[in-house]
Amino acid sequence: MTSIISDINKTFDHRIRLGIMSVLMVNDSVDFNRLKELLEVTDGNLASHIKALETSEYITIRKQFIGKKPNTTYEATLLGKQTFARHLAALEQLIKTSK
Amino acid sequence: MADSFLFIYFEFQSSFMENEKYLAQLQEIQSMMQKSSKFLSLSGISGILAGTYALIGAGIVYSMRERLTSSIRFDSAEFITIVVTAILVMVLSLATGIIFSIRKARKKQEVVWNQVSRLFIMNFMVPLITGGLFAIILISKGAIGLVSPVTLLFYGLSLVSASRYSYETLRNLGFIFIILGLLNSLYIGYGLYFWMFGFGVCHIFYGAYMYLKYDYKK
């Protein structure tokens, strides 16, 4: 039981951070506006949660230009994907054992 | 004694609430993964209508079957009628698909044109346009009998490749078209019947199945 609890990650314990990671698990890369549209949040709110995930090195930010327009996309790192997968497995385990 | 009971009660209460929270998190993850990677605004009704157009089109071609011979001329009225009918059926089907998808997305308050729908259309159109061009080349070379199996095969491939970005069951419909295409290539000359069954009957059944499964309840 203790090992399950240790896999529950506090970084993901928020709707928006959980949402960002879920999206990046199944999409190679996603831009800011797409995340905003999916999670239905304000710019500032989304930016602060992205910053938190970036600080934990769970996602990387890629800045590039499409023509003359700057475009920022986000990707999950290997560490981020592994940690999130463990978090997900722990959630499932907790619910299974409690039933 | 009372203290320990109280403790057990709170322990129970808090673990119950924790579980509720985890369950909500799991559901949130699942819905976000699906919403962000699947184009789910396809409507079953557009499948039913596309099938109906195909059957009407096939009916028009069938009604002039006596005048169709293997040595049909490209400038004959019959040949032009067949080509115009086929193009009309395709354009109407695509337009219906687009209109009903926009409607369904609006109802769900979602944006239709996004990363996933672009990927869906890309994966759908690449095999479809390849097959279409190949069919035109076959006609120009006089291999009319192969046109029907080729269109069935490439349409099946379109569905299989696009299904990654939409309902997974779309893949099964794709497999049916591929099988029909292969069978048709063994029985050249029966293209119209394979077409009627594939584009007509299969579309209608599949559209009805999709409609009942995903749209009707909502």
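Residues numbered from 1 in each chain as written. Chains lettered and ligands numbered in written order. Predicted model: local features only at pLDDT ≥ 70, side-chain atom pairs only at ≥ 80, totals over all residues. Heavy atoms only, no water.

Chemist: Would you explain the sheet that holds strand E2 (residues 59-66) of chain A in this entry?
Modeler: What links the strands of a sheet is backbone hydrogen bonding, and the strands pair in either a parallel or an antiparallel sense. Residues and elements named next belong to chain A. Strand order across the open sheet formed by three strands is E1-E3-E2, with antiparallel pairing between neighbours. Two strands close off the open sheet at either side, each with one partner strand: strand E1 (30-31) and E2. Its contacts with the sheet put helix H2 (residues 15-26) on E1, E2 and strand E3 (69-76), and the angle it makes with E3 is roughly 90 degrees. (Pairing = 2+ DSSP bridges. Helix = DSSP H or I, 4+ residues; strand = E, 2+ residues; numbered from the N terminus. Contact = heavy atoms within 4.5 Å. Axes fitted to C-alpha atoms, helices over the stretch in contact; angles between N-to-C directions.)

Chemist: In this structure, what is going on with the environment of Pro149(B)? I would like to understand it.
Modeler: Residue and element names in this part refer to chain B. By the element assignment, Pro 149 lies in helix H5 (residues 147-162). You can call Pro 149 buried: its relative accessible area is 1%. For the pair Pro 149 and Ser 76, spaced 73 residues apart in sequence, the C-alpha to C-alpha distance is 23 Å. Ignoring any residue separated from it by four or fewer positions in sequence, one finds Pro 149 in contact with Gly 181, Asn 184 and Ser 185. (Buried < 20%, exposed > 50% of the residue type's maximum accessible area, 1.4 Å probe, protein only.)

Chemist: Mind showing me how you'd approach the interface of chain B and chain A here?
Modeler: Quoted interface sizes are often the accessible area lost when the parts come together. The interface is formed by 17 residues belonging to chain B together with 26 residues belonging to chain A. Of the roughly 2,000 Å² buried at the junction of chain B and chain A (both faces included), carbon and sulfur atoms supply 63%. Counting across the interface, chain B meets chain A through three salt bridges. One salt bridge connects Glu28(B) with Arg15(A), and the closest N-O pair in it is separated by 3.5 Å. At the junction of chain B with chain A, the criterion picks out six residue pairs in polar contact (both at pLDDT 80 or more). Of all elements in the fold, only helix H1 (2-37) and helix H4 (115-140) of chain B reach the threshold of two or more residues within the side of chain B that touches chain A. The element that contributes the greatest number of residues to the side of chain B that touches chain A is H1(B), accounting for 13 residues. (Buried area = accessible area lost by both parts, 1.4 Å probe. Salt bridge = Lys/Arg side-chain N within 4 Å of Asp/Glu carboxyl O. Polar contact = N/O pair within 3.5 Å; in protein donor to acceptor, adjacent residues only side chain to side chain.)

Chemist: Is there a simple way to think about a nonpolar patch on the surface in this case?
Modeler: All names here are of chain B. On the surface, Tyr 62, Ile 179, Leu 183, Leu 186, Tyr 187, Tyr 190 and Tyr 193 cluster together to form a nonpolar patch covering roughly 750 Å² of accessible area. No other element matches helix H6 (residues 170-186), which puts three residues into the nonpolar patch. With respect to the element layout, Tyr 62 can be found in helix H2 (residues 44-63). Tyr 62 sits in the partly exposed class, given a relative accessible area of 32%. (Patch = residues over 30% accessible without salt bridge, like charges linked within 9 Å, V, L, I, M, F, W, Y side chains within 5 Å. Areas by Shrake-Rupley, 256 points an atom, 1.4 Å probe, with all protein chains shown as cover.)

Chemist: Even after reading the chapter, I still don't get the packing of H2(B) against helix H3 (residues 77-107) of chain B, so can you show me in this structure?
Modeler: Relative placement of two packed helices is described by the angle separating their axes and the distance separating the axes. Residues and elements named next belong to chain B. At their nearest, the axes of H2 and H3 sit 9 Å apart, and the two run at 170 degrees to each other. One finds that H2 runs roughly antiparallel with respect to H3. Contact with H2, carried on its side by Ile 45, Ser 46, Leu 49, Ala 50, Tyr 53, Ala 54, Gly 57, Ile 60 and Val 61, involves Thr 81, Ile 82, Thr 85, Val 89, Leu 92, Ser 93, Thr 96, Gly 97 and Phe 100 of H3 and no other residues of that element. Class assignment for the residues of the contact of H2 with H3 results in eleven nonpolar, seven polar and no charged. (Parallel < 35°, antiparallel > 145°, perpendicular 65-115°, else oblique. Nonpolar A, V, L, I, M, F, W, Y, C, P; charged D, E, K, R; others polar.)

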